[in-house]
Amino acid sequence: MPSFLLDKRASRALLCAALAFVLSGCKEPPASTSDSNASPTGTESGTQTDASTVGKAKPYDRKDVILIGEYGDLTGDTAAFGTSTRDGIALAVDEANKAGGLLGKKIQIQLEDNNGKPDETTSRVKKLINQDNVLAVLGEVASSRSKMGAQVCQAAGVPMITPTSTNPNVTQVGDYIFRTCFIDPFQGTICARFAAQNLKAKRVAILTDTANAYSVGLTDFFKKEFVKNGGQIVAEENYKAKDQQFGSQLNNIKTANPEAIFLPGYYQDVATIAKQARDAGLDQPMFGGDGWDDPDLVALGGDAVQNCYFTTHASEDSGDPRMKQFSAKFRAFHKGKSPGALAAVAYDAANILFAAIKKAGGTDRAKIRDAIAATTKFPGVTGDITINKDRNVVKQLVILQVKDDKFKYVATIKP
Ligand code: PHE
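This one's a predicted model, so the numbers in the text were calculated from it and none came from an experiment. (Residues numbered from 1 in each chain as written. Predicted model: local features only at pLDDT ≥ 70, side-chain atom pairs only at ≥ 80, totals over all residues. Heavy atoms only, no water.)

Summed over the entire model, instances satisfying the criterion amount to 14 aromatic pairs. Ring geometry for tyrosine 214 versus tyrosine 266: centroids 5.4 Å apart, planes at 20°, classification stacked. Here tyrosine 266 lies in the loop between β8 (260–262) and α9 (267–279) and tyrosine 214 lies in helix α7 (residues 213–228), a separation of 52 residues in the sequence. Classification of tyrosine 266 as buried rests on a relative accessible area of 10%. Geometrically, the ring pair formed by phenylalanine 326 and phenylalanine 330 is tilted, given 5.7 Å between the ring centres and 50° between the ring planes. Taken together, the residues span about one helical turn, with phenylalanine 326 and phenylalanine 330 both in helix α11 (residues 321–333) at a distance of four residues. Just as phenylalanine 326 is buried, phenylalanine 330 falls in that class too. These aromatic residues form a ring-pair network of at least three members: Phe81, Tyr214, Tyr266 and Tyr267. (Phe/Tyr/Trp six-rings, centres within 6.5 Å; stacked < 30°, edge-to-face > 60°. Helix = DSSP H or I, 4+ residues; strand = E, 2+ residues; numbered from the N terminus. Buried < 20%, exposed > 50% of the residue type's maximum accessible area, 1.4 Å probe, protein only.)

Here is the structure:
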């Protein structure tokens, strides 16, 4: 049995250790990490949005419906991100409309597919604002793309909530931009502690997607915490999303002989990397962040990703009663489909937006922005959500393990 396969006793010990770690009160780094947050910025290509051509949005003028814009990738390499998000939002809209809608009108979603491309993101979000005149915007999942959309929304004065973009820079775009998930200084810290305490790794190799702000940021935050606690980064290798050949990077990692491998990328690339790594004889445990969170990780990665770990936003197996109830509703609405974390956080983001519009009592976008900013202890299915002064959320995270082709719940880590 390869060394990365933990037996039952080991995984029980791991669960206990993870829980001890919860009890030890794992603290989120203070919001003053803003200078460290500034480094992983704009490394992806095409981040320059021509916001000058956006202009302020017209006052909201739809009399018949409350039109909300949504942008995401329904097609392209990480299409599972956009489709899961769409499904979570669709359930929130259905429930809100059954309960009477908003401001006496039904909610309608105008959904734009950006094909997972940053430049298409800019034009799709411009279309939502200039042509459709949406009241507010929901999206995206990938931080690099959320940053593009955020620049358009901010210039136009249209509130935007990203459900799941975790890179700190996204909400730094401006005061109209919010998120409903934790940020990567927290996620990176937990990944580092997990590697040290649970995987018992002192020597870690990292393979970063340099075309992805999320990946670059997560590497940075992981490294800081891991090294601070005496860990060593023995290899730091790079790739760009969609690369197919990782031979030379994996070769360097093999030579460095790490005890574990950190892959802060998206599920598609992670699956390809994991397969090539196993073929190259690297049998160390691999782990990553929420970018792993799609069933396609297993469909594409197969045996190569079994027993690996990742952090994410929620799990329907966490025993949380709100998540359980959401799961049941989601399955009923989407014909038996199981909700992933992305759908759950998207559902929360939509409900927070609806509550803010209700509270604003009208369609003045600045008032809606202020109402979102004032969100306090919103009882989301992914936890209580309070938007802080940086328009971010301090929130619990879950650790999952890929086990027998499924995602097995390991632990919840409170901030
Ligand atoms: N957090 C990732 C990012 O910011 C996106 C993501 C969230 C991917 C949740 C999968 C699941 O880029």
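Where charged atoms of side chains with opposite charge meet at close range, the side chains can pair. Evaluated as defined, the whole model comprises 21 salt bridges. A salt bridge links aspartate 73 to arginine 145; the shortest N-O distance between them is 3.0 Å. Residue aspartate 73 is found in the loop between β1 (65–72) and α3 (79–98), and its partner arginine 145 is found in helix α5 (residues 143–156); the two are separated by 72 residues along the sequence. Take aspartate 73 and arginine 145: they sit in the same class, and that class is buried. Between glutamate 236 and lysine 223 there is a salt bridge; the shortest N-O distance is 2.9 Å. Within this pair, whereas glutamate 236 is found in strand β7 (residues 232–239), its partner lysine 223 is found in helix α7, the two being separated by 13 residues in sequence. For glutamate 236, a relative accessible area of 47% corresponds to the partly exposed category. Given a relative accessible area of 24%, lysine 223 falls into the partly exposed group. Among the charged side chains, a network of salt bridges with common partners joins Glu112, Arg124, Lys127 and Asp132. (Salt bridge = Lys/Arg side-chain N within 4 Å of Asp/Glu carboxyl O.)

Overall, mixed pairing links the seven strands, which are arranged β7-β6-β8-β9-β10-β13-β14 in an open sheet. Each edge of the sheet is formed by a strand with only one pairing partner; in this case those strands are β7 and β14 (406–413). The mean angle between the axes of side-by-side strands here comes to 25°, regardless of whether they run parallel or antiparallel. Both strand β9 (residues 286–288) and strand β10 (residues 309–312) contribute to a ladder of two bridges, which runs parallel. For glycine 288, the partnering residue across the bridge sits in β10 and is phenylalanine 310. Packing against the sheet, helix α8 (residues 247–256) makes contact with β6 (203–209), β7 and β8, and its axis sits at approximately 175° to β7. Relative to β9, α9 is tilted by about 165°, and along the sheet it contacts β6, β7 and β9. (Pairing = 2+ DSSP bridges. Axes fitted to C-alpha atoms, helices over the stretch in contact; angles between N-to-C directions. Contact = heavy atoms within 4.5 Å.)

What follows covers unusual backbone geometry. Residues glycine 139 and glutamate 140 are joined by a peptide bond in cis, for which omega reads -10°. At asparagine 257, a residue that is not glycine, the phi angle is positive and equals roughly 55°. The residue arginine 391 is not glycine, and still its phi comes out positive at about 65°. By relative accessible area, arginine 391 is classed as buried at 17%.

Neighbouring the ligand are 13 residues, the closest being Ser143, Thr164, Thr166, Tyr266 and Asp290. Here an oxygen atom of the ligand sits 2.4 Å away from a polar atom, N or O, in the side chain of serine 143. Within the contact set of the ligand, a nitrogen atom lies 2.8 Å away from a side-chain nitrogen or oxygen of threonine 166. Protein contact buries 100% of the 330 Å² of open area that the ligand shows by itself. Considered class by class, the residues forming the shell around the ligand number six nonpolar, six polar and one charged. (Near = heavy atom within 4 Å. Polar contact = N/O pair within 3.5 Å; in protein donor to acceptor, adjacent residues only side chain to side chain. Areas by Shrake-Rupley, 256 points an atom, 1.4 Å probe, with all protein chains shown as cover. Nonpolar A, V, L, I, M, F, W, Y, C, P; charged D, E, K, R; others polar.)

Bringing the sheet that holds strand β3 (residues 136–138) into the picture now. With respect to topology, five strands assemble into an open sheet ordered β2-β1-β3-β4-β5, the strand pairing being parallel. The open sheet has two edge strands with one neighbour each: β2 (106–113) and β5 (177–179). Looking at each pair of strands side by side, their axes are set apart by 25° on average, direction ignored. Note that β1 and β3 share three bridges and pair parallel. Its bridge partner being in β3, glycine 69 is matched across the sheet by valine 137. This element, α3, spans β1, β2 and β3 of the sheet and lies at about 165° to β2. Each of β1 and β2 is contacted by helix α4 (residues 118–130), which is oriented at about 150° to β2, the strand it contacts most.

What follows covers the packing of α3 against helix α12 (residues 341–360). Where α3 meets α12, the axes come as close as 7 Å, and the angle between the chain directions of the two elements is 45°. The angle between α3 and α12 falls in the class oblique. In terms of crossing hand, the pair formed by α3 and α12 is right-handed. Side by side, α3 and α12 meet where Ala80, Phe81, Ser84, Thr85, Gly88, Ile89, Leu91, Ala92, Val93, Glu95 and Ala96 of the first sit next to Leu342, Ala343, Ala346, Tyr347, Ala350, Asn351 and Phe354 of the second. (Parallel < 35°, antiparallel > 145°, perpendicular 65-115°, else oblique. Left-handed = near helix turned anticlockwise from the far one by under 90°.)

Once that is clear, we can look at α9. An ideal rise of 1.5 Å per residue puts 18 Å on 13 residues; α9 measures up with 18 Å between its terminal C-alpha atoms. Of the positions making up α9, those classed as buried are Tyr267, Asp269, Val270, Ala271, Ile273, Ala274, Ala277 and Arg278. In this structure, the buried residues of α9 make contact with α3, β6, β7, α8, β9 and α10 (296–301). (Expected span 1.5 Å × (residues − 1).)

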